[in-house]
Structure formats: C-alpha cells, structure tokens
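Given next are the chains, with one letter for each unit.
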Protein chains: 2
Amino acid sequence: MECTFVSVSPLSDFPIQNLPFGVYSVNGESARVGVAIGDHVLDLPALSELGLFAQIDGLENSHSVFSKPYLNDFMALGRPVWRAVRKQLQEFLSNDSHPVRQQADKSLVCVELSKVAMHLPAKIGDYTDFYASREHATNVGVMFRGKDNALMPNWTHLPVGYHGRASSVVVSGTPLHRPNGQRRPDASKPPVFGPSVRLDYELEMAFFVGPGNALGEPMSLEQAEDCIFGVVLMNDWSARDIQAWEYVPLGPFLGKNFGTTVSPWVVTMDALEPFRVAQPPQDPQPLPYLAGSSATPGGYDIGLEVHIKPHEDTEYHLLTKSNLKYMYWALRQQLTHHAISGCNMRPGDLCGTGTISGPTEDSFGSMLELSWSGQKDVVLGASGVTRKFIDDNDVIRITGHCQGNGFRIGFGECVGQILPAKHI
Amino acid sequence: MECTFVSVSPLSDFPIQNLPFGVYSVNGESARVGVAIGDHVLDLPALSELGLFAQIDGLENSHSVFSKPYLNDFMALGRPVWRAVRKQLQEFLSNDSHPVRQQADKSLVCVELSKVAMHLPAKIGDYTDFYASREHATNVGVMFRGKDNALMPNWTHLPVGYHGRASSVVVSGTPLHRPNGQRRPDASKPPVFGPSVRLDYELEMAFFVGPGNALGEPMSLEQAEDCIFGVVLMNDWSARDIQAWEYVPLGPFLGKNFGTTVSPWVVTMDALEPFRVAQPPQDPQPLPYLAGSSATPGGYDIGLEVHIKPHEDTEYHLLTKSNLKYMYWALRQQLTHHAISGCNMRPGDLCGTGTISGPTEDSFGSMLELSWSGQKDVVLGASGVTRKFIDDNDVIRITGHCQGNGFRIGFGECVGQILPAKHI
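Worth saying up front: this structure is predicted, and the values here are computed from it rather than measured.

Cut-off values and rules
- Throughout this description, residue numbers start from 1 for each chain and increase along the sequence as written.
- Working convention: letters from A go to chains and numbers from 1 go to ligands, in the order in which they are written.
- Under the rules for a predicted model, residues below a pLDDT of 70 receive no local features and side-chain atom pairs below 80 are neither given nor counted, while totals for whole chains, interfaces and linings still include all residues.
- Side-chain calculation: all heavy atoms of the structure are included, whereas hydrogens and water are not.
- UniProt positions are given in the numbering used here, feature names are shortened, and annotations may be inferred rather than shown by experiment.
- Under the scheme used here, helices are H or I runs from DSSP no shorter than 4 residues and strands are E runs no shorter than 2 residues, and both carry numbers assigned from the N terminus.
- The buried label applies to any residue whose accessible area, calculated with a 1.4 Å probe on protein chains only, is under 20% of its type's maximum; exposed applies above 50%, and partly exposed to all values in between.
- Residue contacts are defined here by distance: any two heavy atoms, one from each residue, within 4.5 Å place the two residues in contact.
- Any N or O atom pair separated by 3.5 Å or less is treated as a polar contact, with the protein-specific requirement of one donor-capable and one acceptor-capable atom, and with residues adjacent in sequence counted only for side-chain atom pairs.
- By definition, two strands form a pair when at least two bridges between them are found by DSSP.
- To get an axis, fit a line to the C-alpha atoms, keeping to the stretch in contact for a helix; angles then go from 0 to 180 degrees between the N-to-C directions.
- How far a helix is expected to stretch is found by multiplying one less than its residue total by 1.5 Å.
- Paired rings are identified among Phe, Tyr and Trp, the last through its six-membered ring, by centres lying within 6.5 Å, and are further divided according to the angle between planes into stacked (under 30 degrees), edge-to-face (over 60) and tilted (the rest).
- We count a charge as sitting over a ring when the NZ of a lysine or the CZ of an arginine lies within 6 Å of the ring centre and within 35 degrees of the ring normal.
- What counts as a domain boundary in this text is fixed by an automatic or database domain assignment.
- Summed over both partners, the accessible area (1.4 Å probe) lost when two parts come together is defined as the buried area.
- For this analysis, a salt bridge means a side-chain nitrogen from Lys or Arg found within 4 Å of a carboxyl oxygen belonging to Asp or Glu.
- Least squares is used to superpose the copies, and the fit set is the C-alpha atoms of residues whose pLDDT is at least 70 in both copies.

> Just give me the short version of the UniProt feature "binding site: substrate" (unreviewed entry) in chain A, but keep the residues and values in it.
Residue and element names in this part refer to chain A. Listed under "binding site: substrate" (unreviewed entry) in the UniProt record, and renumbered for this structure, are Tyr131, Arg145, Gln243, Tyr247 and Thr355. Here glutamine 243 lies in helix α9 (residues 240-246). The exposure class assigned to glutamine 243 is buried, which follows from its relative accessible area of 9%. Setting aside residues no more than four positions away along its own chain, glutamine 243 makes contact with Ser238, Pro252, Gly255 and Lys256. Note on placement: tyrosine 247 falls in the loop between α9 and β16 (260-262). Judged by its relative accessible area of 12%, tyrosine 247 falls in the buried class. Side chain to side chain, tyrosine 247 and arginine 145 meet in a polar contact 3.4 Å long.

Now the structure itself:
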C-alpha cells in the first residue's frame, strides 16, 4: 500500500501504515483531531464533512467526535470503529480514484506538520505509572536496598504500579520548572529545602485506554487487549533526592508530580500489530487472570532512543538506546491487573510502562542508572561535557520507531526542557 | 442570625450558619448546584434568575455557574466570591423583607431534601490522600513494621501523601463491590487470587481545592489557605490483604482504587471558621514553607463518628468516635506541601486527610486498628455480632459536626454498602 495523496519519505515516522491520531490547531484556531501522514496532518472534521466516515457503524456523529479538542470521544467508541476509520483513511490516501479524493480540496483537508501546534491527545482522567521492566526495577533496587533485596517478592507476581498526577501531564515541547522540595543529603541531619539537585528523566512509553469498564467489573486479559487505543512516548521526569526522602511507605509523590511529558501522536495498536514479539519468559507463571489464553505474543519491538542537549551545547547526544520488547509485563497485563480490583478505567486514561531499561549499560533508561546514583560521570560524546543528573536548561528528547520493510512506524518526538526552579 | 424562610431544628446539620454547597437533582431532571438549609435545598440557578447574586463582582454569570452538574466553576472563582454568595444567602434566609424574598415562589427556589438525589459535588481531576494523623500512622507502623520502625523518619518533617484514583470516587449511597486481587496469606507460599478477606473502612475528611496554581508555581501557606473551598466526610475503603502484598515499594494501588466514598455536601471554610483550634504541637518545627506566618490556628474541632450496620442486623452500632483536631498536619500544610514541587492544583481536586485516629482505642479510625490487624474481635453493641473486618452487605456510615452554641455545623452522611465481589 502506498500513499498517493501526499509524498512520504521512507524515513518518515508517519507512512500510510502508521496513521497516528493527535489533536492539533493552526494559527490559534480551535483544536481538533488530526492524523499524521508524512509531513502533513489530515483534518478529520473536514474529511467527515466530505462523508469519508459516513458508512461506519457507531460513528454516526463523526464530525462532532473529530471536532473536539481531545480524543476521548473517539477512544470511547472501541476497536471496530478505530479499525474502520483507519481503513477509510488508507483507502482515501492510496486510491487516486476514491470518490472523496475527487471532491477533496487538498488545502482544506490537510496542512503541513510544520505549521501546526500540537496539544495533549486527551483529557486524562487518571494517570497511572507501572514499574514493568525487570532490568530497571533490579537496578534501582540494588541502589536503594542492596543486591539481596533488589527485586521485592511481589515483583514477579504482579505488575507493580502506582497512581500518578494527571494535572501535570504535558505535551512534548512544554518546558518544566525544576521542582522544589525536601531532601535529606545527610542522614544524620534534618532534611533541607530547595530545588532538587538530582533531577532525572525516565524513558517510558504509555498507552491510552479506550472503552474501559464499569466500576466493580473487572476485565479479562482478552478484553483488556481490545481496550487499549494506542501508545505514545513518555518522559516520567523524576527528582531522585525528593523521591528518596518521601517515598516510604506510600510511594513517589512530589518526586514525580511536577511534570510528565508525552509525545502528541498516538500510534494505534493496529499500526503496531505487525511488530508484536514474545515478551520475556515469565517465571513464575503468572496467576490465571494475568496469563490469559491469548495466542498472540504480548510484546512489541519498538526501538527507543534518548538524547540530551546540554545547555553548554547546540547538539544532541545519545544517552540511551532501548526497546519496549525488554518489558517483563505486557501492556495488556498492566491494564488487566489495574482493573482486577473493579477499578473503573475511562476513555483517555493514561498508563505508563515504567522506565524501559535493557540488559546492557547503554540501554539504561534514566540518569540514575547511567551514573549509578551519581557515582560516575556520563560523558556526552566528544564534547567533553559530562552529567550525573540533568542541569537547568538541558533538553531531553525521546524518539522511537518500529522498523518495517521499507517503512517505519514512528512516534515523533517527546521533548522537554528543564527551566530553573521558581520560588514561593 | 436565624433562618425565617424555612424552619430549622436546632439538631439539624444544616442551619443558616452552615450553608453547604452540593449538586442535586429532582425527578431525574438535570443536576444543578444547591445549598442545604434545614430539611430543604435552595436552588441556586432559580435564585440567580431572581437576581440574588447580581451585585457580586466576579460572578456575572451566576446562572450559568450554578446550572452546572458540578461545583468546579464556582470553586474556581475564589474566596471573595464564595463569601459574597454566603452573605447573600444568609440575608435572603433571615430577612423577611429582603427584596428577593418578596418575589420568590417558595416552590420554585426550594425543595425538600427527602425528594432530591445527590451527586458528586465536583468533577474530580485528581484525588490525593494524605497520612496526616500521628496516631493512625503509628498504629499502622507498629503492625506492619514493629514498634521501633513505626513512624518513618520523614513523617514528622512532611505531610506524607500519595496520589489516589479519581475515577472511583463515588457519592454517599453508592454501593461498592468487594475487590478481587492478589494476597499472600502465607509468606512461605505463592500469592493467591480472589476477593479480599480483610476489607476495611478509613474514617477521613477531605477538602476540595478552589482556584489552585499554575504548573511550576508553588504557593505559600497563606495562599493555600485561601485555595481550600470546603470539606466533606470521606471513607477511604481499603483492602488490607491486597495492600500489604502490593504496596512495597511504590505505595497502595489496588488495595484502595476500587472505591472511595464522599459525603455530598461541601461545608465551606467560612462556616468552619468559628471552630478553629490549635493543631497538635509540631516537633520538630516544620521547615519554613510549612510553618508559614499565619496567626490563625490550623486545626478544626469537628467531632466524627463511624457506625456499622452488619448484614445480620437492622441497627447501626458505633465503631469509632474521633475528631479532626487530632490531625498532626493541618489542611493548609497538606495543600502547601502538595504544590511545593510546582504541581498544579485545579478547582475540584480532592485531598483526603488520611485516617483520623485519636489517642484512645475507641477513636481508632479503621477496623485494622480496632481489631489490631484481625487479632481480636470487635463486638458490636449488645447484638452479639462481632467483626474483624467488613463482611459482604455490611453498611458503614460516617457522620460529623461542629457543636456551636445552640446550633451545629453538620456534614450529613457518608454511607456505603459493600456488595459481594464480581468475577471476570
């Protein structure tokens, strides 16, 4: 299949096989739903008016659904509708004689990506973060609790997760201020107050929930799989000194809630389908509700990179090269576990995977791991610049893609700059 | 000051000194903002139409603000507007010759409480729970970690808190299903899956945030005080067996997220003002950002009771008699700490205090404490019925009030029944 509507480079993140959904605006006009194709954005309200989605069962109000400044209404409609929209878009883009192509004024249905502002893809009702990479959990455990207590006894039995802060999830490109807080650098003295001095990134991906479940009604692993709308890149910024002092016994709080950055384009599970791979072997065998009976593998082969642009420099330097396939607990296991208590998941809820570290040092997904808790310098290329943690005005960029045969399913960018702390 | 518009019993929770805000509906009509007075609800959209709020700066769209099925828009307007509305309502209710009283058709501006359905007071963007009672934290600490490690070193330096689940916060009267989950009753064997067998209540209060702060901009203790709209009763239902197995290292998750119940009437801080009392002495002295310079005391004298109606019985039996004044960390300290990282607080955000236990056994705010982790039976009055935790079909009811001279500032009820677990 080839896009004939606009030209798409083989290195583009957004070929016709991808078609990620996002929320965009042009020149300050009202934000609405778009789909990325090559260097362009398709305007879904405009394509709705041309009748492209008129035959789709369950999408009778497509213009209203796509005119919203968030994807929640679309996410709520479920996989058959998402698939039908994807199919219509692929036919429109690839078939020169498609009836809607004949009427479509290109300047009204599509705009250059370079001219749009991107917004958060959804109104996030609740944001949850998991801790699903065995390598990351082990690394952090060794540093915080020693080698013998690195992995807690529960870790191999359930996807450990915690509730995060939804209000401070921001879209790529939004700068964030370094947080203030309490830390206790010397355990023999009282804590001190001030800006964090151990500010970190966390390389994560995150999925948006689709239809969800009613309060009190758990879902099976198979149901959970159909409830995942799509995936974005995520940087779960972390203030390690604040976190270390506050997190016992109720978990991370101010060490995380000053900001979380997500990429704006949500890549659907249908676009990722060809890139399924086996997840790491699970030993012990998970309890039946987490094992399911699905014949499809639970992992995805998505190559990920983190770069830093230190404030002293104009170039990005590679920090991390990892892959979602290292993740011990699959996305569908995370969602199933989340709802097993009867917790109601709603369209637009966001679930992060936790830091995605791989088995080798160059695949560690945080400065905490790369500098081994600040014990060694991380050297940034040939520039001579080093870091243990993130300085003011540094920029962190996450990118990622699946490599197909002659195309890639890319995620765009998840970028954020850290500005100095503000005072009361 | 006396209400002459409707008669109010001296034992009513809702005299003219209270005037709590809530969201109600009648006969399935659209929900809107009301204020409780005695056994009635005042309809604020109707009073807006009669011009009662026409002179209030900042409330030019009072009809629109009060016609919403949530209080968020009103909460966003800030304390001067809240106070002005309170003043107008008190004048309307107490002054027979008030110009709006002359026009007001009683049947259009007010309805009997017994005829209304109550809804959640706000769209809750984020829900946070603190852990601010020293007695509760000590009791739980002794049970989970032994006497020597009961209070973590951070506890007296900061109000420990964690992010909770907003989607499953429900209004009083909503039944909840017992959660399923993993627990590990025998530490020498693998965990098992099924309904929780140690289901508990937690006696809490919670405050709704008003105007809030922009991301990256902390607020002072004095600013925080003006950002608290009002207070409700809360039951932070907890599955102790699920919680105990899952909570290390990232905190409570499925042990809490199956449901949290709040009372429907939000009692404003202005109504509570006469009931301020000194909070417990804080030693060590908190860091300056938590100490502030306010001359007003940080505590509130609010008597609280928890009753249980076991499924074998038709009567309620007293479980707990406690008071908000026992709380070590004041509400304003909780909010200041929450935002000190730059975390943005939004109108309608909900912050729970954590379990409010007092110094004596009869003031313990959870079954976990009353049965000392299931080691002893809690005897329910003369009925002969006993409990260690909550059984299916039991009902838990929280009530509370401040005792004034000839009147009480009450909170109504926070009631919930536990239904059997549902299976996948």
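That covers the picture; the talk isn't over yet.
> I'd like a rundown of the sheet that holds strand β3 (residues 40-43) of chain B, residues and numbers included.
Residue and element names in this part refer to chain B. Spatial ordering of the open sheet is given by β4-β3-β2-β1-β5, a layout of five strands whose pairing is antiparallel. The strands lining the two open edges of the sheet, one partner per strand, are β4 (110-112) and β5 (116-119). Within this sheet the neighbouring strands show an average axis-to-axis angle of 45 degrees, counted without direction. Strand direction decides the pairing type here: strand β1 (residues 21-26) and strand β2 (residues 32-37), joined by four bridges, are antiparallel. Bridged to phenylalanine 21 within β2 is valine 35.

> Give me helix α7 (residues 134-145) of chain A: which residues, what numbers.
Residues and elements named next belong to chain A. When the terminal C-alpha atoms of α7 are compared, their 15 Å separation across twelve residues agrees well with the 16 Å that a helix rising 1.5 Å per residue should span. Residues of α7 that are buried: His136, Ala137, Asn139, Val140, Gly141 and Met143. On its buried side, α7 packs onto α13 (367-370). Count one or two residues on from α7 and you reach glycine 146, which has phi positive near 90 degrees.

> Can you lay out the sheet that holds strand β1 (residues 21-26) of chain A for me, pointing to particular residues and giving the numbers?
Residue and element names in this part refer to chain A. On the basis of which strands lie adjacent, the open sheet formed by five strands has the order β4-β3-β2-β1-β5 and antiparallel pairing. The sheet is open, and its two edges are formed by β4 (110-112) and β5 (116-119), each paired on a single side. When the angles between neighbouring strand axes are averaged without regard to direction, this sheet yields 45 degrees. Sheet topology places β1 next to β5; four bridges connect them, and they run antiparallel.

> Break down unusual backbone geometry for me, citing the residues and quoting the values.
Residue and element names in this part refer to chain A. Cis geometry is found at the peptide bond from valine 248 to proline 249, where omega equals 5 degrees. You can see proline 249 is positioned in the loop between α9 and β16. Phi is positive for leucine 19, which is not a glycine, with a value near 55 degrees. Along the chain, leucine 19 falls in the segment before β1. The class of leucine 19 is buried, set by a relative accessible area of 2%.

> Requested: an account of the environment of Val231(B), with residues and values cited.
Residue and element names in this part refer to chain B. Summarising the element assignment, valine 231 is placed in strand β14 (residues 228-235). With a relative accessible area of 2%, valine 231 lands in the buried category. Taking C-alpha positions, valine 231 is 9.8 Å from leucine 331, a pair spaced 100 residues apart along the chain.

> Quick rundown of the UniProt feature "domain: Fumarylacetoacetase N-terminal" (unreviewed entry) in chain A? Include the residues and the values.
Taking the UniProt record as the reference, the feature "domain: Fumarylacetoacetase N-terminal" (unreviewed entry) is found at residues 17-121 of chain A. As a span, residues 17-121 of chain A carries 38% helix and 22% strand, and end to end its C-alpha atoms are 20 Å apart.

> Any details on the pairing of strand β26 (residues 408-419) of chain A? Residues and values, ideally.
Residue and element names in this part refer to chain A. Burial runs high along β26: nine of the twelve residues are buried. One ladder, built from two bridges, connects strand β9 (residues 176-177) with β26; its direction is parallel. Bridge assignment links leucine 176 to a residue of β26, and that residue is isoleucine 418. Where strand β25 (residues 395-403) meets β26, eight bridges bridge the pair, whose relative direction is antiparallel. Opposite isoleucine 398, over in β26, you have cysteine 414 as the bridge partner. Counting the residues in the hairpin turn of β25 and β26 gives four residues, including glycine 406, whose phi is positive at 90 degrees.

> Tell me what's going on with the packing of aromatic side chains, and back it up with residues and numbers.
As enumerated under the stated definition, the model contains 30 aromatic pairs over all chains in all. Ring centres 6.5 Å apart and planes at 40 degrees place the aromatic pair Phe364(B) and Trp372(B) in the tilted group. A connected cluster of aromatic rings, assembled from ring pairs, spans Phe21(A), Phe53(A), Phe66(A), Phe74(A), Trp82(A) and Phe229(A). Here Arg101(B) stacks its cationic end above the ring of Phe92(B), 5.9 Å away from the centre of that ring.

> Requested: an account of the side chain of Arg240(A), with residues and values cited.
All names here are of chain A. On the secondary structure map, arginine 240 appears in helix α9. Owing to a relative accessible area of 4%, arginine 240 belongs among the buried residues under this scheme. Within the structure, arginine 240 has its side chain in polar contact with the side chain of glutamate 202 (distance 2.8 Å). Sequence-distant contacts of arginine 240, that is, excluding residues within four places in its chain, are made with Arg198, Asp200, Tyr201, Glu202, Lys256, Ser366, Leu368 and Phe389.

> Break down the domain arrangement of chain A for me, with residues and values.
All names here are of chain A. Domain annotation for chain A reports domain 1 (21-119) and domain 2 (127-419). Centre-to-centre, using C-alpha coordinates, domain 1 lies 30 Å away from domain 2. Counting residues at the interface gives 19 residues for domain 1 and 19 residues for domain 2. Summed over both sides, the interface between domain 1 and domain 2 buries roughly 1,600 Å², with carbon and sulfur atoms accounting for 65% of that surface. The largest per-residue losses of area from domain 1 upon contact with domain 2 belong to Phe21, Met75 and Arg79, which jointly make up 41% of the total buried on that side. Residue aspartate 226 is joined to arginine 79 by a salt bridge in which the shortest nitrogen-to-oxygen separation is 3.3 Å. The tally of links from domain 1 across to domain 2 stands at four residue pairs in polar contact (both at pLDDT 80 or more).

> If you had to explain helix α4 (residues 79-94) of chain A to someone new, which residues and values would you point to?
It helps to recall that an α-helix has 3.6 residues per turn; residues three or four apart then point in one direction. Here α4(A) spans 22 Å end to end across 16 residues, near enough to the 22 Å set by a 1.5 Å rise per residue. Those residues of α4(A) that fall on the buried side of the exposure criterion are Arg79(A), Val81(A), Trp82(A), Val85(A), Arg86(A), Gln88(A), Leu89(A), Gln90(A), Phe92(A) and Leu93(A).

> Tell me what's going on with the interface of chain B and chain A, and back it up with residues and numbers.
Counting residues at the interface gives 63 residues for chain B, matched by 63 residues for chain A. Roughly 5,800 Å² of surface becomes buried between chain B and chain A when both sides are summed, with 64% attributable to carbon and sulfur atoms. Taken together, the links from chain B to chain A amount to six salt bridges. Between Glu217(A) and Lys422(B) there is a salt bridge, with the nearest N and O atoms lying 2.8 Å from each other. On the surface where chain B and chain A come into contact, there are 28 residue pairs in polar contact (both at pLDDT 80 or more). Mapped by element, the contributors of at least two residues to the side of chain B that touches chain A are β6 (127-130), β7 (161-163), β9 (176-177), β10 (180-183), β11 (192-195), α9 (240-246), α11 (288-291) and α12 (331-339) of chain B. Looking at which element gives the most residues to the side of chain B that touches chain A, the answer is β7(B), with three residues.

> Explain the relation of the copies chain B and chain A to me, and be specific about the residues and the numbers.
Superposing chain B onto chain A takes a rotation of 180 degrees plus a shift of 0.0 Å along the axis, which leaves an RMSD of 0.0 Å. The two molecules are tied by a two-fold rotation axis, judged by turn and shift. Identified as the residue of chain B closest to the rotation axis by C-alpha distance is Gly251(B), at 2.1 Å. When the interface residues of chain B are mapped onto chain A, 100% of them are again interface residues, pointing to one common binding face.

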